[in-house]
Structures are given as structure tokens and as C-alpha cells.
Amino acid sequence: MVRAEQSPITERSEGAAKAVSTWSGQAREQAVQRMFTAIAGVYDLNNTLLSFGLHHHWKRLTASYVPAVTNGRALDIGAGTADLALLIEPKMGEQGHVVASDLNHAMLAEGLRKVSGRGLLDRITCLQANAEQLGFPDDTFHAVTTGFCMRNVGNLAQAFTEIRRVLRPGGRFVCLEFSRPAYGWLRALYDWYSFRLLPWVGTKVARDRTGVYEYLPASIRTFPDQERLATLLREAGFRQVEYRNLTGGIVAIHVATK
Ligand SMILES: C[S@@+](CC[C@H](N)C(=O)[O-])C[C@H]1O[C@@H](n2cnc3c(N)ncnc32)[C@H](O)[C@@H]1O
């Protein structure tokens, strides 16, 4: 694994997560780091249980928007346990390569384990990096993907500018993220699930002390909805910006071209 930077990550956030979505700068980054370090070992299992397995379907659809290229270069940001990186790898062709990047060392270590288990260490590089400061030259990648990472990023506009910078002209950015359910009844149900049931399961069943189950709905609430996110992408200079709602808009895939 290549590490661009690393900070000591040992403390636990003790329920402070609810406020994290409104923090900015270093405090936010450190809190996000603490949470993902604490949950890295159970992330895949929790993800499957809490999404009722839907995250696999959402990720497969996200990967389907990545064009197949010969000798392609792709970057997955906030790769975590590397699901999306593994899905887009076959699209990069025989001599292709994927960089799976993430802020958090523990999440990336889980990803590296999966990449290694599939015998793909020569095809996928795990790299620790912040979405707001991607240390790659301009015009490097044919495609950039990200799944459930952008709502954790402190400065979204800066991240989008960076993503556009490292994409080749004509390259595609595909962003999978929680969004705003399209129907009133679904919003009400989803709010009950995320603001009541999820924190209860987190504290009573999973005995979580990181506050991540409170952070999750709070971060979703404060993240731009489908239209606003599309506007931010256009403001960052992307063209042909489109989105597709999945599962009634609980999540959305945004596709944008440099
Ligand atoms: C909810 S997980 C998603 C992991 C994976 N993409 C997936 O879909 O299963 C969010 C990931 O984004 C990472 N992350 C949060 N803020 C980041 C940032 N500013 N730059 C890069 N990665 C970040 C976290 O460390 C975490 O691994």
C-alpha cells in the first residue's frame, strides 16, 4: 500500500459524530478518520446488513457507467474496502490499472486484503490520499469513481475541482452517494429508519461507541440533493452532468464528463 500521509488514529469519537457533518477543516477530517478506523473491520458486514444487501446492486450499476477502455487508468476515491475498484478493474483492459485511494488507512487495509485475495495486486494500487488534494498530475485518468465518500469530504467544491483536474479531457466521473428520496412517504420511512432505528440498533445491538450511526443520517441530511449536486458539478466545470435515482432516490448516481 502506498501512503501519501498518515496520522495517528487511536481515539474514539464517543458520540460526537452527529456534529461532524457541520464541522469543517482538520476537526472534521480527524473525526471522520476516527470513525472509519473504528468500524473498518466490520464495515462490509454492516454495509450489507444495513442496506439489506442493496449496496452490491448500487455499486454494480455505478460501475456500469464507467466506459471500457484499452490500457485504461481509473481512480476510485474513498475506495474503502475496494468494492468499486474491483468492479471497475476489468473495464480498464489488459494493460489497465486502477488506483483505490482513501483517506483512512484501516479501511484501505481491508481493501488491500480483498485486492490481494483476488490476486490483483499488480492491477489495483491502494493509496492513502485526501479527495481534496489528489497528488496526481493533470489529465491522468480515463475515469474517476466514488461511492459513499463525497458526503464525508470537508470541501466538496475543491474535491470536484481536483477530480476534474486529474481526469483526461473527455474522461468520466461517476459518483454514487446517498441522496433525497423522491416520494414523501419514502422520505418519512427513511427518516424513521435512519434517525430512529439506526441509532438504536447502533447503540443497543452493535454497542457502538463511535457515534457513526448518528453521523450517517446527519451527513446524509446535510449533503446536497440530486439537483444541487448536479449544479455543483457544473460549477466545477463538468459538462453532460446527469443523474439517476436508485431505490426511489435513497441513493443517486451522478455522471459527469470533463
Ligand atoms: C462510507 S465509506 C465508502 C467506502 C466504499 N467506497 C464503499 O462504497 O463501500 C467512505 C470512505 O470514504 C473515505 N473518506 C472520507 N473522507 C475522505 C476524503 N476526504 N478523502 C478520501 N477518502 C475519504 C473514508 O475513509 C471511507 O473509507
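The structure we're discussing is the one just above.
Reading guide: rules and limits
- Residues numbered from 1 in each chain as written.
- Predicted model: local features only at pLDDT ≥ 70, side-chain atom pairs only at ≥ 80, totals over all residues.
- Near = placed C-beta within 6 Å.
- Helix = DSSP H or I, 4+ residues; strand = E, 2+ residues; numbered from the N terminus.
- Buried ≥ 20, exposed ≤ 12 C-beta atoms within 10 Å, placed from the backbone.
- Pairing = 2+ DSSP bridges.
- Right-handed = clockwise from strand over helix to strand, strands pointing away.

The next thing to look at is the site of the ligand. What surrounds the ligand is a group of 22 residues, the closest being Gly78, Gly80, Asn104, Ala131 and Gly147. Elements with a contribution of two residues or more to the shell around the ligand: α2 (25–39) and α5 (83–88).

A word on the pairing of strand β3 (residues 97–102). By the criterion of burial, β3 is predominantly enclosed, with five of the six residues buried. The sheet contact formed by strand β2 (residues 73–77) and β3 spans five bridges and is parallel. For alanine 74, the partnering residue across the bridge sits in β3 and is valine 98. With α5 bridging β2 and the parallel β3, this β-α-β connection has right-handed handedness. Relative to strand β4 (residues 124–128), β3 runs parallel, the two sharing five bridges. If you follow aspartate 102 over to β4, its bridge partner there is glutamine 128. Handedness of the crossover is the feature at issue here: the chain leaves β3, passes through helix α6 (residues 105–117), returns alongside β4, and the resulting connection is right-handed.

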